[in-house]
Amino acid sequence: MPVRLSTGSGVWSSDREDFETFLRDGRTSDRGIASLVRKSGWTADEVRAGFLRLYSVDVAGLARFLNSEPGVIFLKNQTRSYIPYASLSEHRVEALRSAILADAADGEISAAGILATLPTDFRLARLGGYDGVQNVCAELRCEGSEQCTSLLSWYMFLPACLEANAMATAVDEIDFSPLEPNRNRRPR
């Protein structure tokens with residue numbers, strides 16, 4: 001899917017192939033991608049590394065999290081300004097959830113994989129009720145307003161936050177209550 005950036009004066013679309021070229025070798029002739037990188041607070045190499053980094057996930061744990069009440073709230077927060085281009089916010093949670101689960105099918109997720117599996121074009125919108133800001137899910141890991149609110153930072157942090165939430169959901173479902181000791185058994 002292309003990367004779209006909406007401002008009050010228009011929409012800038014970056015082609016998927018241009019973004020994949022940037023991730024592969026760091027080159028881009030696309031002004032939108034260059035602008036996103038420049039405004040991200042990261043170097044081009046840091047963006048590329050962040051997008052390509054793989055995170056291991058338990059698909060069942062991830063699905064449980066994304067379909068739980070906290071997971072839906074997480075998805076709504078993550079798509080507060082980054083929304084499907086055609087339907088605006090109507091199907092944002094479902095679209096992002098489906099992209100995440102499609103990328104996670106092999107047990108690994110990455111920012112590049114999530115972006116590639118979005119079922120519809122998304123845009124970062126600054127119009128109407130949308131402020132064009134993406135608050136990243138790992139606020140303690142970013143520095144400065146650019147890193148903490150840019151679209152590229154949002155993508156870069158999303159897989160790590162999903163990995164952590166999937167593990168937390170799996171841990172929450174384990175019964176940690178102490179077992180009754182067997183009183184007839186002697187210690188060895």
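For the structure itself, look to the data block above.
On a predicted model such as this, the values are computed, not experimentally measured, just so you know.

(A) Structural context of the overall build of the protein. On a plain count of helices and strands, the protein comes out with 9 helices and 8 strands. Expressed as a percentage of its 188 residues, the buried residues of the protein come to 41%. Expressed as a percentage of contacts within the protein between residues at least 6 apart in sequence, the contacts between residues at least 24 apart total 64%. Of the roughly 10,500 Å² of accessible surface on the protein, a fraction of 51% belongs to carbon and sulfur atoms.

(B) Molecular detail of the environment of Glu 20. The residue Glu 20 is located in helix 1 (residues 16–25) in this model. We classify Glu 20 as partly exposed; its relative accessible area is 33%. Put simply, Glu 20 and Ala 116 are 96 residues apart on the chain and 9.3 Å apart in space, counted from C-alpha to C-alpha.

(C) Quick peek at the packing of helix 4 (residues 59–67) against helix 6 (residues 92–104). At a closest axis distance of 10 Å, the pairing of helix 4 and helix 6 adopts a crossing angle of 175 degrees. By the angle between their axes, helix 4 is roughly antiparallel relative to helix 6. In this structure, helix 4 contributes Val 59, Leu 62, Ala 63, Leu 66 and Asn 67 to the contact, and helix 6 contributes Arg 97, Ile 100, Leu 101 and Ala 104. Broken down by class, the residue content of the contact of helix 4 with helix 6 amounts to 7 nonpolar, 1 polar and 1 charged.

(D) Here's a closer look at the layout of surface pockets. In this structure, the second largest pocket occupies an estimated 240 Å³ of space. Along its surface, the second largest pocket is lined by Trp 42, Glu 46, Gly 50, Arg 53, Tyr 55, Ala 138, Arg 141, Met 156, Phe 157 and Ala 160. Sorting the residues of the lining of the second largest pocket by element identifies helix 3 (44–52) and helix 9 (151–172) as the ones contributing at least two each.

(E) Region of the structure containing helix 3. Every buried residue of helix 3 is listed here: Val 47, Arg 48, Gly 50 and Phe 51. Buried residues of helix 3 fall within an arc of 165 degrees about the axis and therefore sit on the same side.

(F) Up close: the pattern of salt bridges. On inspection of all chains with the given rule, the structure shows 2 salt bridges. Linking Arg 27 and Asp 25 is a salt bridge whose minimum nitrogen-to-oxygen distance equals 2.9 Å. By relative accessible area, which is 57% here, Arg 27 ends up exposed. With relative accessibility at 31%, the residue Asp 25 sits in the partly exposed group. Close ionic contact of Asp 45 with Arg 48 constitutes a salt bridge, the shortest N to O distance being 3.2 Å. Pair noted here: Asp 45 and Arg 48 are both in helix 3, with a separation of 3 residues, about one helical turn. Asp 45 sits in the exposed class, given a relative accessible area of 55%.

(G) The arrangement of the packing of aromatic side chains in detail. Scanning the entire structure with this criterion turns up 6 aromatic pairs. A centroid spacing of 6.0 Å and a plane angle of 50 degrees characterise the contact between Phe 19 and Phe 22, whose relative ring orientation is tilted. With Phe 19 and Phe 22 both in helix 1 and 3 residues apart, this pair spans about one turn of that helix. Of the two residues examined, Phe 19 and Phe 22, each falls in the buried class. With a centroid separation of 4.7 Å and 70 degrees between ring planes, the pair formed by Trp 154 and Tyr 155 is classed as edge-to-face. In this structure, Trp 154 and Tyr 155 share a single accessibility class: buried. One aromatic cluster in this structure is built from Phe 19, Phe 22, Phe 51, Trp 154 and Tyr 155.

(H) Examining the nonpolar core more closely. Residues Phe 51, Tyr 155 and Leu 162 are the most contacted members of the largest nonpolar core, which totals 43 residues. For this core, the secondary structure elements donating two or more residues are helix 1, helix 2 (31–38), helix 3, helix 4, helix 5 (69–78), helix 6, helix 7 (111–117) and helix 9. Among the elements that make up this core, the one with the highest residue count is helix 9 (10 residues). In this view, Phe 51 contacts Phe 19, Leu 23, Ser 110, Ala 111, Ala 112, Leu 115, Leu 152, Tyr 155 and Met 156; residues no more than four positions away in its chain are not counted.

Definitions and limits used
- Residues numbered from 1 in each chain as written.
- Predicted model: local features only at pLDDT ≥ 70, side-chain atom pairs only at ≥ 80, totals over all residues.
- Heavy atoms only, no water.
- Helix = DSSP H or I, 4+ residues; strand = E, 2+ residues; numbered from the N terminus.
- Buried < 20%, exposed > 50% of the residue type's maximum accessible area, 1.4 Å probe, protein only.
- Contact = heavy atoms within 4.5 Å.
- Areas by Shrake-Rupley, 256 points an atom, 1.4 Å probe, with all protein chains shown as cover.
- Axes fitted to C-alpha atoms, helices over the stretch in contact; angles between N-to-C directions.
- Parallel < 35°, antiparallel > 145°, perpendicular 65-115°, else oblique.
- Nonpolar A, V, L, I, M, F, W, Y, C, P; charged D, E, K, R; others polar.
- 1 Å grid on protein atoms, 1.4 Å probe; cavity = no way out; pocket = protein on both sides within 12 Å on 5 of 7 lines; lining within 4 Å.
- Points joined across faces, edges and corners; volume = space filled by probe spheres on them.
- Arc of directions from axis to C-beta.
- Salt bridge = Lys/Arg side-chain N within 4 Å of Asp/Glu carboxyl O.
- Phe/Tyr/Trp six-rings, centres within 6.5 Å; stacked < 30°, edge-to-face > 60°.
- Core = buried A, V, L, I, M, F, W, Y, C linked by side-chain atoms within 4.5 Å.

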